[in-house]
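# Reading the structure
Chain by chain, the residues run as shown.
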Amino acid sequence: MKAKGDEIQLIKLVANENECKERYEALKGKFKSIFLILVCSIEFGRYYCIDLMSSLQKEIIAEYSITEVGYNALYSIFQFPNIIVPLFMGFMIDKIGRAIGMILFTTAVVFGQILLSISAHRTIKSYWLALLGRFLFGCFGMSVSVGKSAYISDWFRDGGFSFAVALGISIPRAGTVCNFLLAPPIYDYIK
């Protein structure tokens, strides 16, 4: 008799799990557009910050009193970690989960950009702090893209995947364009 009761409990548990999955999929369908906008917004901002160095090259060289080599070091220290770190962060995302990974990586990227911004303040003007900020941004910046790709592959596996990937590629590039259009006038206004 007990075995039959256990079977009934197992059947109810499986039915409940299937119902939860159906509810999740239904909710996911309703929020796909919002999700895609949020993911693209993160990448838009990240690309805006990445290319800030290009649009303000002359100003950065003058403000930090550095040479072209020093300026290029700000790019190199950002790019070097991107060669290997995303591989490890992909494994880390698989271990700790996408949500926690994205929160950690995005927080690290924001902190790196904050350090870079603080380094440029007129009372600080610290080139070494700028290098540290760019390094931190570089270590976790591409990892955000890895997490974004994992999310998109899950949320859009039932349809719209190619469009979501295309948006995930094109919208961040709009961040670069906005940066080149807006950063120099903003710098001139603040200066």
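Our subject is the structure that appears above.
Remember, it's a predicted structure, so these values are computed and weren't measured experimentally.

Attention now moves to the overall build of the protein. Counting secondary structure elements, the protein contains eight helices and zero strands. Ordered by position from N to C terminus, the α and β elements of the protein give α-α-α-α-α-α-α-α. Over its C-alpha atoms the protein spans a radius of gyration of 22 Å, topping by over 25% the 16 Å that the globule rule assigns to 191 residues. Principal-axis analysis of the C-alpha atoms gives the protein an extent of 85 × 30 × 30 Å. Per-residue burial for the protein yields a buried fraction of 36% across its 191 residues. Long-range contacts, defined here as pairs at least 24 residues apart, represent 77% of the contacts in the protein between residues at least 6 apart. Surface accessibility of the protein: about 11800 Å² in total, with carbon and sulfur atoms responsible for 71%. Here the protein contributes 19 positive and 15 negative side-chain charges, whose respective centroids are spaced 2 Å apart.

So, about the packing of helix α4 (residues 68–79) against helix α7 (residues 127–155). Between α4 and α7, the shortest axis-to-axis distance is 7 Å and the interhelical angle comes to 25 degrees. Between α4 and α7, the angle is such that the two are roughly parallel. Only Tyr 127, Ala 130, Leu 131, Arg 134, Phe 135, Phe 137 and Gly 138 of α7 make contact with α4, whose side of the interface consists of Gly 70, Ala 73, Leu 74, Tyr 75, Ile 77 and Phe 78. Looking at the contact of α4 with α7 residue by residue, the class counts come to 10 nonpolar, two polar and one charged.

Turning to the side chain of Thr 176, a few remarks are in order. Relative to the helices and strands, Thr 176 resides in helix α8 (residues 161–190). In contact with Thr 176, other than residues within four places in its own chain, are Tyr 47 and Asp 51.

On to the packing of aromatic side chains. For the coordinates displayed, the defined rule picks out eight aromatic pairs. Taking 6.3 Å as the distance between ring centres and 35 degrees as the angle between the ring planes, the aromatic pair formed by Phe 35 and Phe 156 counts as tilted. Within this pair, whereas Phe 35 is found in helix α1 (residues 2–50), its partner Phe 156 is found in the loop between α7 and α8, the two being separated by 121 residues in sequence. For the residue pair Phe 35 and Phe 156, the accessibility class agrees, reading buried in each case. Geometrically, the ring pair formed by Tyr 127 and Trp 128 is edge-to-face, given 5.7 Å between the ring centres and 70 degrees between the ring planes. Tyr 127 gets classed as buried once you look at its relative accessible area, which sits at 14%. Taking the relative accessible area as the measure of exposure, Trp 128 reaches 67% and is therefore exposed. Linked through ring pairs, Phe 35, Tyr 151, Trp 155 and Phe 156 together constitute an aromatic cluster.

Rules of the game
- Residues numbered from 1 in each chain as written.
- Predicted model: local features only at pLDDT ≥ 70, side-chain atom pairs only at ≥ 80, totals over all residues.
- Heavy atoms only, no water.
- Helix = DSSP H or I, 4+ residues; strand = E, 2+ residues; numbered from the N terminus.
- Rg over C-alpha atoms; globule rule 2.2 N^0.38 Å.
- Buried < 20%, exposed > 50% of the residue type's maximum accessible area, 1.4 Å probe, protein only.
- Contact = heavy atoms within 4.5 Å.
- Areas by Shrake-Rupley, 256 points an atom, 1.4 Å probe, with all protein chains shown as cover.
- Lys, Arg positive; Asp, Glu negative; His and termini not counted.
- Charge placed at Lys NZ, Arg CZ, Asp CG, Glu CD.
- Axes fitted to C-alpha atoms, helices over the stretch in contact; angles between N-to-C directions.
- Parallel < 35°, antiparallel > 145°, perpendicular 65-115°, else oblique.
- Nonpolar A, V, L, I, M, F, W, Y, C, P; charged D, E, K, R; others polar.
- Phe/Tyr/Trp six-rings, centres within 6.5 Å; stacked < 30°, edge-to-face > 60°.

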